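# Chain and residue survey
If you want the building blocks of each chain, they are given just below.
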Amino acid sequence: MSLTNASPLEAAKSAKSASHILATLPASARNDALTAIHTALSAARDDILAANARDLEAARSAAASGELSQSLVSRLDLGKKGKWEDMLKGILDVRDLEDPVGKVTLRTRLDDGLEMTRVTCPIGVLLIIFEARPEVIANIASLAVKSGNSAILKGGKESTESFVAISKVISEALDKSEVPNGAIQLVTTRDVIPQLLDLDQYIDLVVPRGSNELVRYIKSSTKIPVLGHADGLCSIFLEQSVDPTLAADVIVDSKTTYPAACNSLETLLVQEAALESILPAIAEKLIAKEVTLKCDGRSKAVLASKLPTDLAAKYLQDATNVDFDTEFLSLTLAVKVVADLGEAVQHINEHGSKHTDCILTSSEELAERFMASVDAAGVYWNASTRFADGMRYGFGTEVGISTNKIHSRGPVGLEGLMIYKYQIRGNGHITAVYGEGKGQKRFKHEKLPL
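Overview of the structure. Predicted model only: the values in this text are computed from it and were never measured. (Residues numbered from 1 in each chain as written. Predicted model: local features only at pLDDT ≥ 70, side-chain atom pairs only at ≥ 80, totals over all residues. Heavy atoms only, no water.)

Time to look at the overall build of the protein chain. Scanning the protein chain from N- to C-terminus turns up 15 helices and 18 strands. Taken against the 2.2 N^0.38 rule, which gives 22 Å for 450 residues, the C-alpha radius of gyration of the protein chain at 25 Å falls within 12% of a compact globule. Once the C-alpha set of the protein chain is aligned to its principal axes, its extents read approximately 85 × 65 × 35 Å. Counting the 450 residues in the protein chain, one finds 54% classified as buried. Pairs at least 24 residues apart make up 74% of the contacts formed inside the protein chain by residues separated by at least 6 positions. About 19500 Å² of surface is accessible on the protein chain, with carbon and sulfur atoms providing 50% of the total. Taken together, the 49 basic and 58 acidic charged side chains of the protein chain have centroids lying 5 Å from each other. (Helix = DSSP H or I, 4+ residues; strand = E, 2+ residues; numbered from the N terminus. Rg over C-alpha atoms; globule rule 2.2 N^0.38 Å. Buried < 20%, exposed > 50% of the residue type's maximum accessible area, 1.4 Å probe, protein only. Contact = heavy atoms within 4.5 Å. Areas by Shrake-Rupley, 256 points an atom, 1.4 Å probe, with all protein chains shown as cover. Lys, Arg positive; Asp, Glu negative; His and termini not counted. Charge placed at Lys NZ, Arg CZ, Asp CG, Glu CD.)

Here is the structure:
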């Protein structure tokens, strides 16, 4: 990894050149580089966490003065909830995955001696723009090296100490490998994002990792394809037949294990028939975790009559229309009553962000209808929305989560960083001899085993 203050154009040209070399390296060389990165980061743990602590101290001061959000501070903490261990594990998980480069996905005999194959290949040069999450550097570096892509990373100023420390360690590790130095670059120059977004002749894909403001800005400011999501507005539909204990466990996990995550629950849709029988016990468990419930009129009336007066006064609030379009990223949950599955699906498709949505029900028929009808990258039945994660999906780690309707949706791992090319092998074949006219040859188009 090159910790560079080069101009955006120079960095992009270097990354493009390096991508051509990286794409042709054998899997063994790319895997050896990942092993070196893991070893080096493990050895530098104390220094990196000390740098992260300095970032955290500055960020907490900024949050106290209203300059930064608490959710951003939470994402910055590299020592929180096993994040460091997960980062290191992700490197080895990626290393041990099957090589994604050069896989044959289609073989067709066009004619005798004329064969077409479709093979996987890297996208080329990735531009990763991120806020707060220092582990993104290791995640992206691992996925890029394994998939044969170059990557340019630009981090937010709130994580400068952390990503400089991580970058130096990765750079030293890569210097001992066959991966070219320009394949992974961390741009340290300030205010270069607009220039980078103009370099569509060198950069092939932009992946924003950060606030919805950042993602929307990038999507509106570049001709380069953008992979990502602006919001993680995840919903759960609580259907009347669900086991109450199961429902409570899933909802509490979805909301409280990491409220600042994009796969955290933000809207709970409650079927009318479950309003009095199931919701109150769930509300009690959420309140025990200090979750504020922004309720529509019907759900608030029921909960106010069932909960102790002091808890109702402290944790129940009136919901506004805006609340059902809000990614809170905190211990706040919007609650709305719906008549049935149809109304729940309609609400999600109108207000959701196409990230991850779930139905809690004992009915397989309703669950299958829900999963077929909801337009989202992830649709679940009786499972926490927090499963929307590259590591939990078995991808090793992820470059990001996509809600776009492109080649990759949901958590994007190695497969999402690959495209393909068509190869034709012939023996002097020309198109002029083929056609439907007299004396012309017909294509065989015979499917061949992979």
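On we go.
Among the nonpolar cores identified, the biggest contains 51 residues, and L41, I48, I128, L153 and I184 are the most heavily contacted of them. If sequence neighbours within four positions are ignored, L41 has contacts with I48, W84, M87, L88, I91, A138, I166, V169 and I170. The next biggest cluster of nonpolar side chains, apart from the first, holds 35 residues, and it includes V250, L275, I278 and V335. (Core = buried A, V, L, I, M, F, W, Y, C linked by side-chain atoms within 4.5 Å.)

On to the packing of helix α2 (residues 27-43) against helix α7 (residues 160-175). How two helices sit against one another is set out by the angle between their axes and by the gap between those axes. The contact between α2 and α7 brings their axes to 8 Å, and the two run at 135°. Classified by the interaxial angle, the pair formed by α2 and α7 is oblique. Seen along the crossing, α2 lies across α7 with a hand that is right-handed. Residues A33, A36, I37, A40 and L41 of α2 lie in contact with α7, whose contacting residues are I166, V169, I170, A173 and L174. (Axes fitted to C-alpha atoms, helices over the stretch in contact; angles between N-to-C directions. Parallel < 35°, antiparallel > 145°, perpendicular 65-115°, else oblique. Left-handed = near helix turned anticlockwise from the far one by under 90°.)

Attention shifts here to the pairing of strand β4 (residues 125-130). Of all six residues in β4, six are buried, a share of seventy percent or more. Side chains of β4 alternate between two faces, with V125, L127 and I129 and L126, I128 and F130 buried alike. In terms of strand pairing, β4 meets strand β5 (residues 150-155) through six bridges, oriented parallel. Across the sheet, the residue bridging to L127 is I152, located in β5. Assessed by its sense of winding, the connection that carries the chain from β4 through helix α6 (residues 135-147) to β5 is right-handed. As paired strands, β4 and strand β7 (residues 205-209) are joined by five bridges and run parallel to one another. Counterpart to L127 in the pairing with β7 is V206. (Pairing = 2+ DSSP bridges. Right-handed = clockwise from strand over helix to strand, strands pointing away.)

Taken together, seven strands build an open sheet; the order of strands is β11-β10-β12-β9-β8-β13-β14 and the sheet is parallel. Each having just a single partner strand, β11 (316-318) and β14 (378-381) make up the two edges of the open sheet. The average undirected angle you get between the axes of adjacent strands in this sheet is 25°. The strands that helix α11 (residues 279-288) touches are β8 (234-238), β9 (265-271), β10 (292-295) and β12 (332-338); relative to β10, the one it contacts most, it runs at about 140°.

Let's shift gears to the pattern of salt bridges. Scanning the entire structure with this criterion turns up 21 salt bridges. One salt bridge in this structure joins D96 and R95, with 2.9 Å as the shortest N-O distance. The partly exposed category is assigned to R95, whose relative accessible area is 22%. Among the ionic pairs, E266 bridges to K255, the shortest N-O distance being 3.0 Å. You can see E266 sitting in strand β9 and its partner K255 sitting in helix α10 (residues 244-256), a full 11 residues away along the chain. Its relative accessible area of 0% is what places E266 among the buried residues. A relative accessible area of 0% means that K255 is categorised as buried. The structure contains a network of salt bridges with shared partners spanning K354, D375 and R409. (Salt bridge = Lys/Arg side-chain N within 4 Å of Asp/Glu carboxyl O.)

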